[in-house]
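# Structural overview for review
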Amino acid sequence: LGGLLPYLDPDGTFATVLPRGPLSVPGSAGYAWYDFGGDIEAGEHAAAAELDALVDEQCAAQGFARSDAIFAGFSQGAGLVLALGLGLLGRADATRPAGIIAMSPALSAALPFEVDDAARAIPVLVQHGTHDPLVPVQRSRDLAQRLQELDVPTVYREYPMEHQVAMESIGD
């Protein structure tokens, strides 16, 4: 997602932390947070705990409040930032972010999907490609509908792209 920074923050105003999943995806240039072939639920929980700790560490190191952060992610990372930001995974007492951007989120169906009042105050942007061969677009449509039903302020956008981030999605 680092390639997006010149478009999202052209003046370099914001502190940016770009963690990358620790697992290399065979046959691609991508990375993953957990193994799709393994215990997905355990992988999500472990990755969420790692990201949760990283957020606290980076907020302290850079001198800003967690409540001022925007959590953004792509694919598994998008699923994880949604789960952390909305309080579905991670510490129950963790301060929530100011907003969430979820691009082509791979969010486990195993997660309990009820939110508390704190989650209902977090604006969420969900974006997805209509031709995504890895994470079906219908999953994001359903996710956005569920978030809206739970009164989470949600904007949903889709684009004619595969499992990627397209430039046309940046302006939204």
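The structure we're discussing is the one just above.
I will try to describe carefully the structure that is included in this document. (Residues numbered from 1 in each chain as written. Predicted model: local features only at pLDDT ≥ 70, side-chain atom pairs only at ≥ 80, totals over all residues. Heavy atoms only, no water.)

With that settled, the discussion passes to the overall build of the protein. Secondary structure assignment for the protein yields five helices and six strands. The order of α-helices and β-strands along the protein, N terminus first, is α-β-β-α-β-α-β-β-α-β-α. The C-alpha radius of gyration of the protein comes to 15 Å, within 12% of the 16 Å expected for a compact globule of 172 residues. If you line up the protein on its principal axes, its C-alpha atoms span 40 × 40 × 30 Å. Within the protein, the proportion of its 172 residues that are buried is 42%. A fraction of 66% describes how many contacts in the protein between residues 6 or more apart in sequence connect residues 24 or more apart. Here the protein contributes 9 positively and 23 negatively charged side chains, and the mean placements of these two sets differ by 3 Å. (Helix = DSSP H or I, 4+ residues; strand = E, 2+ residues; numbered from the N terminus. Rg over C-alpha atoms; globule rule 2.2 N^0.38 Å. Buried < 20%, exposed > 50% of the residue type's maximum accessible area, 1.4 Å probe, protein only. Contact = heavy atoms within 4.5 Å. Lys, Arg positive; Asp, Glu negative; His and termini not counted. Charge placed at Lys NZ, Arg CZ, Asp CG, Glu CD.)

On to helix H3 (residues 76–85), then. A large share of H3 lies buried, amounting to 10 of its 10 residues. What H3 keeps buried is the set Gln76, Gly77, Ala78, Gly79, Leu80, Val81, Leu82, Ala83, Leu84 and Gly85. As for H3, its buried residues are in contact with strand S2 (31–32), helix H2 (40–62), strand S3 (70–74), strand S4 (99–103), strand S5 (124–129) and helix H4 (137–149). Positive phi appears at glycine 87, one or two residues downstream of H3, with a value of about 85°.

Okay, the sheet that holds S3 next. One open sheet accounts for four strands, arranged S3-S4-S5-S6; its pairing is parallel. The open sheet terminates on both sides in strands that have one partner only, identified here as S3 and strand S6 (154–159). Neighbouring strand axes in the sheet, compared pairwise and without regard to direction, differ in orientation by 10° on average. Against the sheet, H3 makes contact with S3, S4 and S5, and its axis sits at roughly 150° relative to S3, the strand it touches most. Running at roughly 165° to S6, H4 makes contact with S5 and S6 of the sheet. (Pairing = 2+ DSSP bridges. Axes fitted to C-alpha atoms, helices over the stretch in contact; angles between N-to-C directions.)

It is worth spelling out the pairing of S6 at this point. Here S5 runs beside S6; their pairing, made up of six bridges, is parallel. Residue valine 126 lies in a different strand from S6, and its bridge partner there is tyrosine 156.

This paragraph deals with a nonpolar patch on the surface. Side chains of Tyr7, Leu8 and Met167 sit close together on the surface and give an oily, nonpolar patch of about 340 Å² of accessible area. Structurally, the position occupied by leucine 8 is in helix H1 (residues 5–8). For leucine 8, a relative accessible area of 48% gives the class partly exposed. (Patch = residues over 30% accessible without salt bridge, like charges linked within 9 Å, V, L, I, M, F, W, Y side chains within 5 Å. Areas by Shrake-Rupley, 256 points an atom, 1.4 Å probe, with all protein chains shown as cover. Salt bridge = Lys/Arg side-chain N within 4 Å of Asp/Glu carboxyl O.)

Leu82, Leu86, Ile100, Val124 and Leu147 are the most contacted members of the largest nonpolar core, which totals 34 residues. Elements supplying a minimum of two residues to this core: H2, H3, S4, S5 and H4. Looking at this core element by element, the count peaks at six residues for H3. Those residues in contact with isoleucine 100, other than ones at most four positions away along the chain, are Phe71, Val81, Leu82, Gly85, Leu86, Ile122, Pro123, Val124 and Leu125. (Core = buried A, V, L, I, M, F, W, Y, C linked by side-chain atoms within 4.5 Å.)

Next up on the list: the pairing of S5. Put simply, side chains in a regular strand alternate between the two faces of the sheet. Burial analysis of S5 places six of its six residues in the buried class, which makes it a mostly covered element. Regarding the hand of the β-α-β motif, the stretch spanning S5, H4 and S6 is right-handed. (Right-handed = clockwise from strand over helix to strand, strands pointing away.)

Oppositely charged side chains are able to pair whenever their charged atoms sit close together. Applying the stated criterion across every chain yields a total of seven salt bridges. A salt bridge links arginine 66 to aspartate 52; its shortest N-O distance comes to 2.5 Å. Residue arginine 66 is found in the loop between H2 and S3, and its partner aspartate 52 is found in helix H2; the two are separated by 14 residues along the sequence. Judged on exposure class, the residue arginine 66 and its partner aspartate 52 are both buried. Residues glutamate 158 and arginine 141 are paired through a salt bridge, measuring 2.8 Å at the closest nitrogen-oxygen approach. One end of the pair, glutamate 158, is in strand S6; the other, arginine 141, is in helix H4, and 17 residues separate them in sequence. Where salt bridges share partners, they join Asp52, Asp56 and Arg66 into one cluster.

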